[in-house]
Amino acid sequence: TAFMQQKTSMQIGLMRRFNVPQPYNMFHMGFNFGFNSYLSAGFNVASDFKKNSNRNLLLVNFKFNL
């Protein structure tokens, strides 16, 4: 996601994991919140929507623009 000054953005899509023995697809959704012209934070979630799956991801990010 490109840095957007003081903007809120949403991402949605399909994520493909390749760095595992058996590659698989996951649904991905994320949000970014711009606090000011140099700082933003966000979170992302990804899931394959299978019961008792251990492949779910929760990611938190912070971006600081110099």
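The following refers to the structure shown. The structure presented is a predicted model; accordingly, all values stated were derived computationally and were not measured. (Residues numbered from 1 in each chain as written. Predicted model: local features only at pLDDT ≥ 70, side-chain atom pairs only at ≥ 80, totals over all residues. Heavy atoms only, no water.)

Thoughts on the packing of aromatic side chains
How we decide: Only Phe, Tyr and Trp rings take part, Trp by its six-membered ring, and two of them pair if their centres are within 6.5 Å. Stacked means planes under 30 degrees apart, edge-to-face means over 60, and tilted covers everything else. Only DSSP runs of H or I with at least four residues qualify as helices, and only runs of E with at least two residues qualify as strands; both kinds are numbered from the N terminus onward. Burial status follows relative accessibility: with a 1.4 Å probe on protein chains alone, a residue under 20% of its type maximum counts as buried, one over 50% as exposed, and anything between as partly exposed.
Applying the stated criterion across every chain yields a total of four aromatic pairs. When the ring of Phe 27 is compared with that of Phe 49, the centres are 5.8 Å apart and the planes differ by 40 degrees; the resulting orientation is tilted. Of the two residues, Phe 27 is situated in strand E2 (residues 24–34) and Phe 49 in the loop between strand E3 (39–47) and strand E4 (57–64); the sequence distance between them amounts to 22 residues. Residue Phe 27 is classed as partly exposed on the basis of its relative accessible area of 33%. By relative accessible area, which is 63% here, Phe 49 ends up exposed. Through pairs of rings, three or more aromatic residues link up here, namely Phe 31, Phe 33 and Phe 43.

A short note on the sheet that holds strand E1 (residues 8–17)
Rules: A pair of strands counts as paired when DSSP detects no fewer than two bridges linking them. Lines fitted to C-alpha atoms define the axes here, with helix axes fitted over just the stretch in contact, and angles between the N-to-C directions of these axes take values from 0 to 180 degrees.
Across the sheet, which stays open at both edges, the four strands sit in the order E1-E2-E3-E4 with antiparallel pairing between neighbours. Each edge of the sheet is formed by a strand with only one pairing partner; in this case those strands are E1 and E4. On average, each strand axis in the sheet is inclined to that of its neighbour by 20 degrees, with strand direction left out of account. The pairing of E2 with E3 spans eight bridges and is classified as antiparallel. If you follow Gly 34 over to E3, its bridge partner there is Ser 40.

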